Amino acid sequence: MALIIDGKKVSAEVKEQVRLETLELAKKGIKPGLAVIIVGDDPASRVYVNNKKKACEAVGFLSREYALPATTTQEELLSLVEELNNDKEINGILCQLPLPKGLDEKAVIEAISPLKDVDAFHAINVGKIMIGDYDFLPCTPAGVMEMLHSYKIPVEGKNCVVIGRSNIVGKPMAMLLLHENGTVTVTHSRTKNLADVTREADILVAAIGKPKFVTADMVKEGAVVIDVGMDRDENGKLCGDVDFENVKDKCSAITPVPGGVGPMTIAVLMKNTLKACKIQNNC
Ligand code: GUN
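In this text the structure is predicted, and so the values were computed from the model without any measurement.

Draft legend 1. Expanded view of the overall build of the protein chain. Scanning the protein chain from N- to C-terminus turns up ten helices and eleven strands. Radius of gyration (C-alpha) of the protein chain: 19 Å, near the 19 Å computed for a compact globule of 283 residues. Its C-alpha atoms put the protein chain at 50 × 40 × 35 Å along the principal axes. Burial statistics for the protein chain: of 283 residues in total, 48% are counted as buried.

Draft legend 2. Representation of the site of the ligand within the structure. Surrounding the ligand, one finds L94, C95, Q96, L97, D119 and F121. At a separation of 3.4 Å, a nitrogen atom of the ligand approaches a polar side-chain atom of Q96. Note that a nitrogen atom of the ligand is positioned 2.7 Å from one of the side-chain N or O atoms of D119. Its free accessible area being 280 Å², the ligand has 83% of it covered by the protein chains.

Draft legend 3. Region of interest: the sheet that holds strand β4 (residues 92-95). Pairing in this open sheet of three strands is parallel, and the strands run β3-β2-β4 from one edge to the other. Both outer strands of the open sheet, β3 (62-68) and β4, are each paired with one neighbouring strand and no more. Direction aside, the axes of adjacent strands within the sheet are offset by 15° on average. Pairing analysis gives seven bridges linking strand β2 (residues 33-39) to β3, with the strands arranged parallel. Bridge pairing in β3 places G33 opposite L62. Packed on one face of the sheet, helix α2 (residues 43-59) meets β2, β3 and β4 and runs near 160° to β3.

Draft legend 4. Inspection of the side chain of S11 at higher detail. Mapping S11 onto the fold places it in helix α1 (residues 7-27). Those residues within four positions of S11 in sequence are excluded, and the remaining contacts are P263, M264 and A267.

Draft legend 5. Spatial organisation of the nonpolar core. Within the largest apolar cluster, 52 residues are counted, with the highest numbers of intra-cluster contacts made by L148, L177, V205, I226, V228 and M270. Among the elements that line this core, the one with the most residues is helix α10 (residues 261-280), at ten residues. Excluding residues within four positions of it along the chain, L148 makes contact with I153, V155, L177, V224 and I226. In terms of nonpolar packing, the next biggest core, distinct from the first, is built from 18 residues, A35, I37, I109 and F121 among them.

Draft legend 6. Expanded view of the pairing of β4. Here β4 shows a buried face lined by G92 and L94 and a second buried face lined by I93 and C95. One ladder, built from four bridges, connects β2 with β4; its direction is parallel. Bridging across to β4, L34 finds its partner in G92.

Draft legend 7. Representation of the environment of G222 within the structure. As for its placement among the helices and strands, G222 is situated in the loop between β7 (203-206) and β8 (224-227). Taking the relative accessible area as the measure of exposure, G222 reaches 39% and is therefore partly exposed. Sequence separation between G222 and K248 is 26 residues; the distance between their C-alpha atoms is 9.8 Å. When sequence neighbours within four positions are dropped, the list of residues in contact with G222 reads K250, C251 and S252.

Draft legend 8. Representation of the packing of α1 against α2 within the structure. Relative to each other, α1 and α2 sit at 50°, their axes nearing to 8 Å. By the angle class used here, α1 and α2 are oblique. Residue-level contacts link K15, V18, R19 and T22 of α1 to A55, A58 and V59 of α2. A class-by-class count of the residues in the contact of α1 with α2 yields four nonpolar, one polar and two charged.

Draft legend 9. Layout of the side chain of D117. Relative to the elements of secondary structure, D117 occurs in the loop between α4 (105-111) and α5 (123-130). Among the polar contacts made by the side chain of D117, one reaches the main-chain amide nitrogen of H122 at a distance of 2.8 Å.

Draft legend 10. Quick peek at the pairing of β2. For β2, the tally of buried residues reaches seven of seven residues, placing the bulk of the element in the interior. Residues G33, A35, I37 and V39 line one face of β2 and the alternating positions L34, V36 and I38 line the opposite face, and both faces are buried. Once you follow β2 into α2 and on to β3, the crossover reads as right-handed.

Draft legend 11. Quick peek at α10. The end-to-end C-alpha distance of α10 is 29 Å, a good match for the 28 Å that 20 residues give at a rise of 1.5 Å each. Phi for N282, located one or two positions after α10, is positive at around 50°.

Reading guide: rules and limits
Residues numbered from 1 in each chain as written. Predicted model: local features only at pLDDT ≥ 70, side-chain atom pairs only at ≥ 80, totals over all residues. Heavy atoms only, no water. Helix = DSSP H or I, 4+ residues; strand = E, 2+ residues; numbered from the N terminus. Rg over C-alpha atoms; globule rule 2.2 N^0.38 Å. Buried < 20%, exposed > 50% of the residue type's maximum accessible area, 1.4 Å probe, protein only. Near = heavy atom within 4 Å. Polar contact = N/O pair within 3.5 Å; in protein donor to acceptor, adjacent residues only side chain to side chain. Areas by Shrake-Rupley, 256 points an atom, 1.4 Å probe, with all protein chains shown as cover. Pairing = 2+ DSSP bridges. Axes fitted to C-alpha atoms, helices over the stretch in contact; angles between N-to-C directions. Contact = heavy atoms within 4.5 Å. Core = buried A, V, L, I, M, F, W, Y, C linked by side-chain atoms within 4.5 Å. Parallel < 35°, antiparallel > 145°, perpendicular 65-115°, else oblique. Nonpolar A, V, L, I, M, F, W, Y, C, P; charged D, E, K, R; others polar. Right-handed = clockwise from strand over helix to strand, strands pointing away. Expected span 1.5 Å × (residues − 1).

Read these as spatial facts, not as claims about activity.
Next up, the structure:
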């Protein structure tokens, strides 16, 4: 049976550090502020946004939610982003994705000031990550790296295979593993003989969005398996992209769903917001 990597525990440690630093800032009269925009009524987005708000309150941040109807126009959304870009109380702006059909996600991401882009989705921040000179790291991939560090799982020289090539997870995940000297392969829906590739992985990161997609036969004995998925199984129960029950007996370490990567994403968001606040206040 593998080591079960406890994302809740690592996340709590990261958030505690953020809380302590926030207390220090309070002595100078500074309070980090995060604005979260949610458009429409996607139930999964609502859960994520509620968790982000709760985390803000727990670490002592100002948290503002902007819940807009699905009928919101692109102009209205861009005008809110512009208002928040100029709002001195707000250090970080996050627009929960996906947006309802008809709204242009790319335009919204590019409208957020790169200094307040705590998701690290803006092209400027993506480019900075690419060259290894960044202020913010994208929350989910950075959360995965924090878990690997916390459990002292080395990346250098390891075969790292990422399944999925999204801008939010797959691509930046590959870059962060590369920064730590992993030998990285990114696979996707057109990859030939996927299982042959994944079986070579010392560290396997699943970010596909398909329930229990990674089965035991796709995993090398003793691999470290990171599950970024947040899916529903045939009974509507929350599960990941990895067939946890069968894979856990083959790998050396694995993240559960829930309680693995999910809490880490939020912890990194808190770290990024604190950092944004410090940069904007020159401290
Ligand atoms: N939707 C799914 N994951 C994320 C995330 O990390 N940030 C934002 N803004 N939207 C998301």
